[in-house]
Amino acid sequence: MLLPALNRARERARSTSCLNNLRQTGLALSMYADGFGGVYPVVHRGTYDHHHELEPAVEWFQPLTEVDYDLDYLHCPSDMGFDDENARQSYIMNSMLTFGRKIATLRRASFYIVLSERGGETKESAVEHQCYDAMCEPHAWEQNLAQTRHGGSSNYLFADGHAEQLAFRETVGGEAIEENHHYVFEWGNGGYYAAGEHEH
């Protein structure tokens, strides 16, 4: 009887630590945008339907060291797939926000998700990607996210800096694309882009 209660309390503490990581990362992203033209770190070039990574490649979190961001915030204590040596941190970025568009143009900053928890429950199964293509239909990228890391839900960072624990289905909404918290509607074309055209 006591052990399940202790495990639940331990997981609540880990989830709280993870939410704090996301808030600190949101603060760093905001500070970075303030000092670097109003944009989050640029990772991709091209268009949403035909994009490629910068060369040499830049991971979304690396430029944050310019604002003294502590990379230790990239580790959720519940993430058994965390593998810093192989650049598999606990959080994965919404790639729609990595093209150098000004964050101030977001009309619903509190609605849009910037970071999700990376998928994979072991070091061997951890997703290698640093970003997920939220401009595509959710079925094209949802396997790259941890959907149940903290019980039946996971933690997310939003563009206004708040972090929240949600069930994955809550984040993608219903049938209408405007309800999808990952798809930046005012930056998109009103519909999902085709998957599989990402050049490395």
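One numbering rule holds for all chains: residues counted from 1, following each sequence as written. Where totals are concerned, whole chains, interfaces and linings use all residues; where local detail is concerned, this predicted model gives features only for residues with pLDDT of at least 70, and gives and counts side-chain atom pairs only at 80 or more. Water and hydrogen atoms play no part in the side-chain values, which are based on all heavy atoms of the structure.

Q: Give a description of the overall build of the protein chain that names residues and reports values.
A: Summing up its helical and strand segments, the protein chain has two helices and seven strands in all. The way it works is that DSSP assigns letters per residue, a run of H or I at least four long becomes a helix, a run of E at least two long becomes a strand, and they are numbered from the N terminus. Along the chain direction, N to C, the helices and strands of the protein chain fall in the order α-β-β-β-β-β-β-β-α. In terms of overall size, the protein chain behaves like a compact globule, its C-alpha atoms giving a radius of gyration of 16 Å where 200 residues would be expected to give roughly 16 Å. With respect to the principal axes defined by its C-alpha atoms, the protein chain has extents near 55 × 40 × 30 Å. Here's how the labels work: a residue is buried when its accessible area is under 20% of the maximum for its type, exposed when over 50%, partly exposed in between, all with a 1.4 Å probe on protein chains only. Looking at the protein chain as a whole, 48% of its 200 residues qualify as buried. Across the protein chain, the fraction of contacts at a sequence separation of at least 24, relative to all contacts at a separation of at least 6, is 68%. Accessible area of the protein chain: about 9,800 Å², with a carbon and sulfur share of 50%. Asp and Glu are treated as the negative residues and Lys and Arg as the positive ones, with His and the ends of the chain left uncounted. By convention, the point assigned to a charge is CZ for Arg, NZ for Lys, CD for Glu and CG for Asp. In the protein chain, 15 positive and 30 negative side-chain charges are present, and the distance between their average locations comes to 6 Å. Each radius of gyration is computed over the set of C-alpha atoms, and the globule rule expresses the reference value as 2.2 Å times the number of residues to the power 0.38. Pairs of residues are marked as contacts when any of their non-hydrogen atoms sit within 4.5 Å. Per-residue and other accessible areas follow the Shrake-Rupley method at a 1.4 Å probe size, with only the shown protein chains counted as cover for residues.

Q: If you had to explain the packing of aromatic side chains to someone new, which residues and values would you point to?
A: Here the aromatic set is Phe, Tyr and Trp, taking the six-membered ring for Trp, and pairing holds for ring centres within 6.5 Å; pairs whose planes are under 30 degrees apart are stacked, those over 60 apart are edge-to-face, and all others are tilted. The tally for this structure, following the rule as stated, stands at ten aromatic pairs. Plain terms: the ring middles of Phe111 and Tyr112 are 5.3 Å apart, the flat faces sit at 85° to each other, and that makes the pair edge-to-face. By the burial criterion, Phe111 is buried, and Tyr112 matches it. Relative to Trp141, the ring of Tyr132 lies with its centre 5.0 Å away and its plane at 40°, an arrangement referred to as tilted. Comparing Tyr132 with Trp141 shows no difference in burial state: the two are buried. A ring is considered to have a charge above it if a Lys NZ or an Arg CZ atom is located within 6 Å of its centre and within 35 degrees of its normal. A cation sits over an aromatic face here: Arg108 above Phe111, 4.0 Å from the ring centre.

Q: Go over the nonpolar core, please, and point to the residues and values.
A: When a protein is soluble and globular, its nonpolar side chains tend to lie buried together. As used here, the term nonpolar core means buried Ala, Val, Leu, Ile, Met, Phe, Trp, Tyr and Cys residues forming a set that is joined through side-chain atoms within 4.5 Å. With 50 residues, the main nonpolar core has Tyr40, Trp60, Met93 and Val114 as its most contacted residues. Leave out the neighbours within four places in its chain, and Tyr40 touches Leu29, Tyr32, Ala33, Met93, Leu97, Ile103, Val114 and Ala159.

Q: Talk me through the pairing of strand β1 (residues 44-47); I want residue IDs and the actual numbers.
A: Across four bridges, the pairing between β1 and strand β2 (residues 50-53) is antiparallel. Within β2, the residue paired with Arg45 across the bridge is His52. Two strands make a pair as long as DSSP finds a minimum of two bridges between them.

Q: Could you give an account of the environment of Leu22, naming the residues involved and the relevant values?
A: As for its placement among the helices and strands, Leu22 is situated in helix α1 (residues 2-35). With twelve residues separating them in the primary sequence, Leu22 and Arg10 have C-alpha atoms 19 Å apart. Those residues within four positions of Leu22 in sequence are excluded, and the remaining contacts are Tyr91, Leu115, Asn155, Tyr156, Leu157 and Ala163.

Q: Could you give an account of the sheet that holds strand β5 (residues 131-132), with specific residues and numbers?
A: Adjacent strands of a sheet pair through backbone hydrogen bonds, lying either parallel or antiparallel. Read across the open sheet, the five strands follow the order β5-β3-β4-β6-β7; overall the sheet is mixed. The two strands at the open ends of the sheet, each matched to only one other strand, are β5 and β7 (163-166). Of the pairings in the sheet, the one linking strand β6 (residues 154-158) to β7 comprises four bridges and is antiparallel in character. Residue Leu157 lies in a different strand from β7, and its bridge partner there is Ala163.

Q: Requested: an account of the pattern of salt bridges, with residues and values cited.
A: Whenever Lys or Arg places a side-chain nitrogen within 4 Å of a carboxyl oxygen from Asp or Glu, that contact is recorded as a salt bridge. Under the defined criterion, the tally for this structure stands at five salt bridges. Between Asp79 and Arg149 there is a salt bridge, with its nearest N and O atoms 3.4 Å apart. Taken together, the residues span a long stretch of sequence, with Asp79 in the loop between β2 and β3 (91-94) and Arg149 in the loop between β5 and β6 at a distance of 70 residues. The exposure classification of Asp79 matches that of Arg149, with both residues buried. The closest approach of N and O atoms between Arg169 and Glu142, which form a salt bridge, is 2.7 Å.

Q: Could you give an account of the state of the cysteines, with specific residues and numbers?
A: Cysteine sulfur pairs qualify as disulfides if the two atoms are within 2.5 Å. Evaluated as defined, the whole model comprises zero disulfides. The cysteine Cys131 is free of any disulfide, with Cys136 supplying the nearest cysteine sulfur at 13 Å. Here Cys131 falls in the buried class, since its relative accessible area comes to 12%.

Q: So, the pairing of β6: which residues are in play, and what are the values?
A: As a general feature of sheets, a regular strand has side chains that alternate between the two faces. Of all five residues that make up β6, five are buried, and the element is covered over most of its length. Note that strand β4 (residues 113-117) and β6 share two bridges and pair antiparallel. Looking at the pairing, Ile113 lines up with Phe158 of β6. The hairpin formed by β6 and β7 contains four residues between the paired strands, and Gly161 there has a positive phi angle of roughly 100°.

Remember that the coordinates give geometry; whether it matters functionally is a separate question.
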